[in-house]
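Observations on chain architecture
What follows is the residue order along each chain.
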Amino acid sequence: MNLDLHIHTEYSIDSQISLKSLVSECKKKKITPGICDHGNSRAHEVLHKMKVQFIPGIEIYTQQGHLIAYYTNDPVPNHLSFAEALDKIQEQGAIACAPHPFDTKTYPFIKKKFRKSIGTEDETTMKKCDLIEVFNSRADKKANQRASEFSKKHKISATAGSDAHFPFEIGAAFIQTAEDFDIEDPKQFIKTIKSKNSNIYGKQTTFFVHGTTSVFRKIRKWFGGKPLM
Ligand SMILES: [Zn+2]
Ligand SMILES: [Zn+2]
């Protein structure tokens, strides 16, 4: 199976991926998607009704950067400290992953940090995550390298995801597992990710894509969307 473990759908305020296009892109590219919308799991309910196979995730905003929770039963609120959010994920038996942990989005020309990331804020807390996203197609090369080194050094299993907000980005990064598994079972999921037989593939998406997303984000915000952190 090819798992792209970090995809946003139209239920995320900043994504342009309809569920229909998600399904057709995944089918075309033979990808099993991890659906990680920002702060909500509304897409999961619809995808279940559509009988689509996916890994259920949610991307949470914490005070020290983003945090992905896979297989949650109880919602984890935004804006907690990273450590508090991590506890709330792990105490319900869900799986915590640090996405793009060293990507602070410092763009050239502006030289300003757009966001915090746990890797540059608090490595001790980051070490408690179950998984580390070592390839995020939207993160810069150096940030991904640092995440990969961190995962090896602390023996925390690695994941990958495109962080897609547009259909064409789907599958830009994925984990290829040696065997199929029951994706509704979190234990089988973690066991498969930890397997040495799983391989990671990834390519970076462009600066242009990020710029376009920011524009969409702003437009949607002006039209009554919730503000983003
Ligand atoms: Zn993120
Ligand atoms: Zn994301």
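Refer to the structure printed above.
Since this is a predicted model, take the numbers as computed values, not measurements. (Residues numbered from 1 in each chain as written. Chains lettered and ligands numbered in written order. Predicted model: local features only at pLDDT ≥ 70, side-chain atom pairs only at ≥ 80, totals over all residues.)

**Digging into the overall build of the protein**
For clarity, the threshold we go by: Numbering of helices and strands starts at the N terminus; helices are DSSP runs of H or I of at least 4 residues and strands are runs of E of at least 2. Residues with at least 20 other C-beta atoms within 10 Å of their own are called buried, those with 12 or fewer are called exposed, and the rest are partly exposed. The C-beta atoms themselves are positioned from the backbone. Here contacts are defined at the residue level, using C-beta atoms placed from the backbone and a cut-off of 7 Å between them.
If you tally the helices and strands in the protein, you get eight helices and nine strands. Counting only residues that meet the buried cut, the protein has 42% of its 229 residues in that class. Within the protein, contacts between residues separated by at least 24 positions form 60% of all contacts whose residues are at least 6 apart in sequence.

**Here we look at unusual backbone geometry**
Here the phi dihedral of His 79 falls at roughly 70 degrees; this positive angle occurs in a residue that is not glycine. Inspection of the secondary structure puts His 79 in the loop between strand E4 (65-70) and helix H3 (82-90). Classification of His 79 by C-beta neighbours within 10 Å gives exposed; the count is 12. Unusually for a residue other than glycine, Asp 163 sits at a positive phi of about 60 degrees. With respect to the secondary-structure elements, Asp 163 resides in the loop between strand E7 (157-161) and strand E8 (173-176).

**A word on the nonpolar core**
To be explicit about the condition: Among buried residues, those of type Ala, Val, Leu, Ile, Met, Phe, Trp, Tyr and Cys that are joined through C-beta atoms within 7 Å form a set called a nonpolar core.
Counting 54 residues, the largest nonpolar core has Leu 67, Ala 69, Tyr 70, Ala 96, Cys 97, Cys 129 and Ile 132 as the members making the most contacts within it. Apart from the residues within four sequence positions on either side, Cys 97 is in contact with Ile 68, Tyr 70, Cys 129, Asp 130, Leu 131, Ile 132, Glu 133 and Thr 159.

**Description of helix H1 (residues 19-29)**
Here is the rule we go by: The arc in question is the one spanned by the directions pointing from the helix axis to the C-beta atoms.
Among all positions of H1, only Leu 22, Glu 25 and Cys 26 are buried. Along the long axis of H1, the arc covered by the buried residues comes to 100 degrees, so they all point the same way. Summarising the geometry of H1, the exposed residues directed more than 90 degrees from the buried face are Lys 20, Lys 27 and Lys 28. Residues of H1 that are buried in the fold lie against strand E2 (32-38). Where H1 ends, the next residue or the one after it, Lys 30, has phi of about 55 degrees, a positive value.

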